[in-house]
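# Architecture and fold: a report
Here is how the chains run, residue by residue.
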Amino acid sequence: MGKVHLGVMRSSEKMVAEFFQLTDSAGFSFIDVETNEVVFDQVPILGRIAHTPDDSFILILNAGAETNDVGIWNTTLDSHTQPEFDAEVTIGGGVAVNGTEFYLDGEDWEAWIPQTEGDNVAVLNLSSNEVEYIEVGNLTVPEGARHFSRRGEIDDDYFFTYNDEGAVRVDLDTFEVSGAVPLGGSISRMAVVETHFEDTISFGADPSNLDLPDVNNETLFNTDSLGLASFTDFISSTATDFI
């Protein structure tokens, strides 16, 4: 029985335990990092892991759940106890863990969670557990796809994702959505790439369907203007099509 996901649970005072999700839908096991002892074995929690950069919030996203599809561990709370969630939120629309990113808005962490089956990006305030929805357009699941989810990437100013029409940019503060930039093909991955001159956003697609220039099947856009970026300073991403 192999490990699928590995994470670290921290408290406000010290590292408490690491946890991993097992195959065969067994759930999560929690291990004390000081003693290497199993604290909780195969807790029936289903979903995939996303967490803030400081590990203060750890989310379990279960795209198949009809309610409470996002479980939240707030490791900064004195009342936090494993393995119970500190909060649960229903977002719907097929929450996409591969596209989930985190933004520190002042003192509050926000989870930006795109929907695969829905038309929105959900912005979850992790202090209040309130959710705001930003419409970013429909995304059609490619025929025959076994594992598919809407991807997302973030930089200092914008959240990037895509729909059936192409690339979409959302302002992190105003939630203003920039119109889709046509790409063509079925997007399978994306990455924000910092170059000498400017930041670019890279979208990986099927090159046979692209009408725009590409480098190693990557199409680049300037993140400020969403216009075509310079390719001279770009080192192609080695990212693959994650499951």
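The structure we're discussing is the one just above.
Residues numbered from 1 in each chain as written. Predicted model: local features only at pLDDT ≥ 70, side-chain atom pairs only at ≥ 80, totals over all residues. Heavy atoms only, no water.

### Re the overall build of the protein
- A tally of regular secondary structure across the protein gives zero helices and 19 strands.
- Looking at the protein as a whole, 48% of its 243 residues qualify as buried.
- For the protein, the proportion of contacts with a sequence separation of at least 24, taken over those separated by at least 6, is 37%.
- Summing over all exposed atoms, the protein offers an accessible surface of approximately 12200 Å²; the carbon and sulfur share of this is 44%. (Helix = DSSP H or I, 4+ residues; strand = E, 2+ residues; numbered from the N terminus. Buried < 20%, exposed > 50% of the residue type's maximum accessible area, 1.4 Å probe, protein only. Contact = heavy atoms within 4.5 Å. Areas by Shrake-Rupley, 256 points an atom, 1.4 Å probe, with all protein chains shown as cover.)

### Quick notes on the sheet that holds strand E8 (residues 87–89)
- A sheet is described by the order of its strands in space; here four strands give the open sequence E5-E6-E7-E8, paired in antiparallel fashion. The two strands at the open ends of the sheet, each matched to only one other strand, are strand E5 (48–51) and E8. Sheet twist, expressed as the average angle between the axes of neighbouring strands with direction ignored, equals 25°.
- In the sheet, strand E7 (residues 70–74) pairs with E8 via three bridges, with the strands oriented antiparallel. Considered in E8, the bridge of Gly71 is made with Glu88. (Pairing = 2+ DSSP bridges. Axes fitted to C-alpha atoms, helices over the stretch in contact; angles between N-to-C directions.)

### A word on the pairing of strand E11 (residues 120–125)
- Among the six residues of E11, six are classified as buried, and the element is accordingly described as predominantly covered.
- The side-chain alternation of E11 yields two buried faces, one formed by Asn120, Ala122 and Leu124 and the other by Val121, Val123 and Asn125.
- Hairpin geometry of strand E10 (residues 108–114) and E11 is characterised by an intervening segment of five residues between the two adjacent antiparallel strands.
- Counted between consecutive antiparallel strands, the loop separating E11 from strand E12 (residues 131–135) contains five residues, among which Asn129 sits at a positive phi close to 65°.

### Regarding the nonpolar core
- Leu59, Leu61, Val70, Ile72, Ile113, Leu124 and Leu126 are the most contacted members of the largest nonpolar core, which totals 18 residues.
- Elements with a contribution of two residues or more to this core: strand E6 (57–61), E7, E8, E10 and E11.
- Core analysis: the next-biggest nonpolar cluster, separate from the first, contains 12 residues, Val121, Val136, Val168 and Leu172 among them. (Core = buried A, V, L, I, M, F, W, Y, C linked by side-chain atoms within 4.5 Å.)

### Let's talk about the environment of Asn125
- Considering the arrangement of structural elements, one finds Asn125 in strand E11.
- On the accessibility criterion, Asn125 (17% relative accessible area) is buried.
- C-alpha of Asn125 to C-alpha of Leu104: the two residues are 21 residues apart in sequence and 9.8 Å apart in space.
- Not counting the four nearest positions on each side in its chain, Asn125 is found in contact with Asp108, Trp109 and Glu130.
- Only 3.0 Å separates the side chain of Asn125 from the backbone nitrogen of Ser128, close enough to count as a polar contact. (Polar contact = N/O pair within 3.5 Å; in protein donor to acceptor, adjacent residues only side chain to side chain.)

### Quick word on unusual backbone geometry
- Of note in this structure, Asn36 is not a glycine but carries a positive phi near 60°.
- Summarising the element assignment, Asn36 is placed in the loop between strand E3 (27–32) and strand E4 (38–43).
- In this structure Asn36 comes out as exposed when scored by relative accessible area, which is 59%.
- Its identity as a non-glycine residue notwithstanding, Phe175 has a phi of 65°, on the positive side.
- Here Phe175 lies in the loop between strand E15 (166–171) and strand E16 (177–181).

### Focus: the sheet that holds E12
- Read from one edge of the open sheet, four strands run E9-E10-E11-E12, paired in antiparallel fashion. Unpaired on one side and paired on the other, strand E9 (101–105) and E12 mark the two borders of the sheet. Averaged over all pairs of adjacent strands, the angle between strand axes in this sheet comes to 25°, irrespective of strand direction.
- As judged from the five bridges shared by E10 and E11, these two strands associate in the antiparallel manner. Looking at the pairing, Glu110 lines up with Asn125 of E11.

### Overview of the pairing of E5
- Note: E5 against E6, four bridges, orientation antiparallel. In the strand pairing of E6, Ala50 is matched with Leu59.
- Between the antiparallel neighbours E5 and E6 lie five residues, among them Asp55 with a positive phi of about 65°.

Interpretation in functional terms is not warranted from these geometric data alone.
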